[in-house]
Amino acid sequence: MTMNLKHANILICEDEATAAQEAADRFACAAVRSVAEHGRFCVALSGGSTPKGMYGLLAEHHSFVPWYQTELFFADERCVPPESPESNYRMIYDLLISTVPIPEVNVHRLEGEMSPEIAAERYEQEMHKVMGYDPRFDMIVLGMGSDSHTASLFPYTPALHETGRHAVSNYIHKLGMHRLTLTFPLINRAHSVIVLVTGQAKAETLAAVMSGDEDMDMHPVQNVKPTHGRMLWIVDCEAASKL
Ligand code: 6PG
């Protein structure tokens, strides 16, 4: 099977700043719509460097988002304490959470400081507590690594084939460490998924993902396919330069 541009919903932006703006606008619109439709906005955010611009914009223009009704989760986490410079929670806290008026109880952290198995189980319980046993995010914001991983679903790792769990610990051989991650069955239940990819360094990977043969073990991000939701790639011209 091939996955080519014809089938992907892809927005190509002039530059990284425009891509960040588009992603922030979509986040704000989804938040307003979700709150109008069912009283709250359940969202999961990714770490990495790509979404930093988007988070900065959301912090700067925070009055456009109904933060009080937002339930904020994380797509993945490194197994480090929350104060570590490696922590996704810390990055998102510093850029966004610390500035916006979101109640503390609405921020649901993956506990990277705990044993990975226990942290994943506790996170599932937390998602079930907030969203029920069949959790469905209103929006999930993902990135893509140069090896085409997304969240902490890395090539050729066991978590790629998870069919039952909603969050797992995943051992990443090449990093020599565990990560905590949402799973595909949960990601693909979302109402809306954004995959934000910018920069020349991602151009070859993006071209391989979009036009190469479909191989979920080699290109995990290809398995992001919401079954009853929308998916949008937001990329900049540099990342799109080899499409
Ligand atoms: C993380 C992520 C991860 C990220 C990609 C892209 O914790 O690193 O959530 O999936 O989105 O690795 O990372 P960059 O944006 O830094 O390229």
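Here the structure is a predicted model, which means the values were calculated and not measured.

Student: Can you lay out the environment of Ala203 for me, pointing to particular residues and giving the numbers?
Tutor: Structurally, the position occupied by Ala203 is in helix α6 (residues 203–211). Look at Ala203 and you get buried, because its relative accessible area is 0%. Separated by 24 residues in sequence, Ala203 and Arg179 place their C-alpha atoms 25 Å apart. Aside from chain neighbours lying at most four places away, what touches Ala203 is Glu238, Ala239, Ser241 and Lys242.

Student: How would you summarise the environment of Pro220 if you had to cite specific residues and measurements?
Tutor: Mapping Pro220 onto the fold places it in the loop between α6 and β9 (230–236). When its relative accessible area of 0% is taken as the criterion, Pro220 is described as buried. Taking C-alpha positions, Pro220 is 9.0 Å from Val209, a pair spaced eleven residues apart along the chain. When neighbours within four sequence positions are excluded, Pro220 is seen to be in contact with Asp147, Ser148, His149, Leu153, Phe154, Pro155, Leu160 and Phe184.

Student: Any chance you could break down the pairing of strand β5 (residues 139–142) for me, citing the residues and the numbers?
Tutor: Side chains of β5 alternate between two faces, with Met139 and Val141 and Ile140 and Leu142 buried alike. Summarising the sheet, strand β2 (residues 41–45) and β5 pair through two bridges and their orientation is parallel. Bridge pairing in β5 places Ala44 opposite Ile140. Bridge count for β5 against strand β8 (residues 192–197) is three bridges, and the pairing is parallel.

Student: Lay out the packing of helix α1 (residues 16–38) against helix α2 (residues 52–60) in plain terms, naming residues and giving numbers.
Tutor: Running from N to C, α1 and α2 cross one another at 55°; their axes reach a closest spacing of 8 Å. As summarised for this structure, α1 and α2 are arranged oblique, according to the angle between their axes. Where α1 crosses over α2, the handedness of that crossing is right-handed. In this structure, α1 contributes Ala20, Gln21, Ala23, Ala24 and Phe27 to the contact, and α2 contributes Gly53, Met54, Leu57 and Leu58. Taken together, the residues of the contact of α1 with α2 break down into seven nonpolar, two polar and no charged.

Student: Pulling in residues and values, what's your account of the nonpolar core?
Tutor: If you look at the biggest cluster of nonpolar residues, it comprises 77 residues, and the most contacted ones within it are Phe27, Met54, Phe137, Leu182 and Trp233. When residues of this core are assigned to their parent elements, the largest contribution, nine residues, is made by α1. Each residue touching Leu182, except ones within four places of it in the same chain, is listed here: Ala44, Phe74, Ala75, Tyr123, Met127, Phe137, Ile140, Leu153, His166, Ala167 and Ile187.

Rules used in this analysis
Residues numbered from 1 in each chain as written. Predicted model: local features only at pLDDT ≥ 70, side-chain atom pairs only at ≥ 80, totals over all residues. Heavy atoms only, no water. Helix = DSSP H or I, 4+ residues; strand = E, 2+ residues; numbered from the N terminus. Buried < 20%, exposed > 50% of the residue type's maximum accessible area, 1.4 Å probe, protein only. Contact = heavy atoms within 4.5 Å. Pairing = 2+ DSSP bridges. Axes fitted to C-alpha atoms, helices over the stretch in contact; angles between N-to-C directions. Parallel < 35°, antiparallel > 145°, perpendicular 65-115°, else oblique. Left-handed = near helix turned anticlockwise from the far one by under 90°. Nonpolar A, V, L, I, M, F, W, Y, C, P; charged D, E, K, R; others polar. Core = buried A, V, L, I, M, F, W, Y, C linked by side-chain atoms within 4.5 Å.

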